[in-house]
Structures are given as C-alpha cells and as structure tokens.
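Overview (structure and organization)
One-letter residues, chain by chain:
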Amino acid sequence: MRHGFKGRRFARSVSHRKSMFANLAVSLIEHEQIVTTLEKAKDLRPIVEKLVTLGKRGDLHARRQVIARIGNEDVVKRLFDVVAPRYASRNGGYLRIMKAGFRHGDNAAMAVIEFVDRDTSAKGAADRARAEAEDAGESEAAA
C-alpha cells in the first residue's frame, strides 16, 4: 500500500521526475502559460506556487533555494523581479489550470496551466528574441 506517498510517479525515476518538473517550472515562469497533460499540470501547480512564495520573500536565501530547485539563474531573476512582485498582495492561488481536450496520439487529457494575472506578451517572447539574435548573428557572419 502507498500510504503517505503524495504525487504521481509518471513511470520515471525520482531524478528524472525532479528534472522534468524543474524544466516544466522553468518553461512556465518564462512563458507564463504552457500546455501539458492534466496530471503533470496538477502536480506542477504546488511546486511553482512554492517557488513564487519564495520569490515574494525576496531574500538571498530564498533566491538560492529556488536556484537549487530549478537551476536556471535567468529564470530565477525573472521570477524574483517580474513575477513575484505582481503577486505581492495575493495569498496563494497564483496559477490556474484549464482543461484543453485530449491529445490525438494517445488520448491523454491535456491542460493549459498559466499564471492568474499573466502578461500575455510573455508567451513566446523569449523564443522570438532568441530567433532575432540568431538572425542578427547569421547576417553579421555573412557580411
């Protein structure tokens, strides 16, 4: 019996599961909205909400704890400077999960997980900036 074991295993080892949720958290903080399976979204919500709470604290120890959890310092900077101050007056409930139908390949339930008061221009902004930087780099190399 699995008494006292919280969360799903997703047929992955502990280290794989931790890195999967760290990567999902990085994507969610960076884009402020992602599409994933419903089960992963349900398990991701408490992880990211705890990260936002640490971001609201704002001290060096909290920053180091978040870096240890997700490992991406650029995203941690965004969390502490942009995302966490937006929720300074809110006591939890930073994320929303909306069901988004079923995936064609395996009929898995899909969901959209997003921040409640998200910045709509943030979705894909990092990808656009990265593509523009690559285009500028290629044009300089060609010249």
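Within every chain, residues take consecutive numbers counted from 1 along the sequence as written. Residue-level local features of this predicted model are given only where pLDDT is at least 70; pairs of side-chain atoms are given and counted only at 80 or more, and the full residue set underlies all totals for whole chains, interfaces and linings. With hydrogens and water excluded, all non-hydrogen atoms of the structure serve as input to the side-chain values.

Going by an unreviewed UniProt entry, the protein chain carries the name Large ribosomal subunit protein bL17 and comes from Mesorhizobium marinum. UniProt positions are given in the numbering used here, feature names are shortened, and annotations may be inferred rather than shown by experiment. Listed under Sequence similarities (unreviewed entry) in UniProt, the entry text for the protein chain is "Belongs to the bacterial ribosomal protein bL17 family."

In this section: the overall build of the protein chain. Secondary structure elements are taken from DSSP: a helix is a run of H or I of four residues or more, a strand is a run of E of two residues or more, and numbering for both begins at the N terminus. The secondary structure content of the protein chain amounts to 5 helices and 3 strands. The order of α-helices and β-strands along the protein chain, N terminus first, is α-β-α-α-α-β-β-α. With the C-alpha coordinates of the protein chain rotated into their principal frame, the extents come out at 65 × 45 × 30 Å. Looking at the 143 residues of the protein chain, the share that counts as buried comes to 35%. The contact definition used throughout considers only heavy atoms, calling two residues in contact when any of these lie within 4.5 Å. Sequence separation of at least 24 residues holds for 58% of the intrachain contacts in the protein chain that already meet a minimum separation of 6. When accessible area is computed with a 1.4 Å probe and restricted to protein chains, residues below 20% of their type maximum are described as buried, those above 50% as exposed, and intermediate ones as partly exposed.

The antiparallel open sheet is built from 3 strands, whose spatial order is 1-3-2. Of all strands in the sheet, those with a lone pairing partner are strand 1 (33–37) and strand 2 (95–102), marking the two edges. On average, adjacent strands in this sheet sit at an angle of 25 degrees to one another, irrespective of strand direction. The pairing of strand 2 with strand 3 (residues 109–115) spans 6 bridges and is classified as antiparallel. Bridging from a neighbouring strand, Phe102 pairs with Ala109 of strand 3. Throughout, an axis means a line fitted to C-alpha atoms (over the contacting stretch in the case of helices), and angles, computed between N-to-C directions, take values from 0 to 180 degrees. Across the sheet, helix 1 (residues 14–31) lies against strand 1, strand 2 and strand 3, angled at about 145 degrees from strand 1, the strand it touches most. Between any two strands, at least two bridges found by DSSP are needed for them to pair.

Right, let's talk about the side chain of Thr36 for a bit. With respect to the element layout, Thr36 can be found in strand 1. Not counting the four nearest positions on each side in its chain, Thr36 is found in contact with Leu24, Ala41, Met110, Ala111 and Ile113.

The next point concerns the pattern of salt bridges. Every case where a carboxyl oxygen of Asp or Glu lies within 4 Å of a side-chain nitrogen of Lys or Arg is listed as a salt bridge. Taken as a whole and assessed by the stated rule, the structure comprises 10 salt bridges. Put simply, Glu32 and Arg78 hold a salt bridge, and the shortest N to O gap is 2.5 Å. With a gap of 46 residues between them, Glu32 in the loop between helix 1 and strand 1 and Arg78 in helix 4 (residues 73–86) connect regions that are remote in the sequence. Between Arg90 and Asp117 there is a salt bridge, with the nearest N and O atoms lying 3.5 Å from each other. You can see Arg90 sitting in the loop between helix 4 and strand 2 and its partner Asp117 sitting in the loop between strand 3 and helix 5 (125–142), a full 27 residues away along the chain. Overall, Arg90 belongs to the partly exposed group, its relative accessible area being 27%. Several salt bridges share partner residues, and in doing so they unite Glu32, Arg78 and Arg86 into one network.

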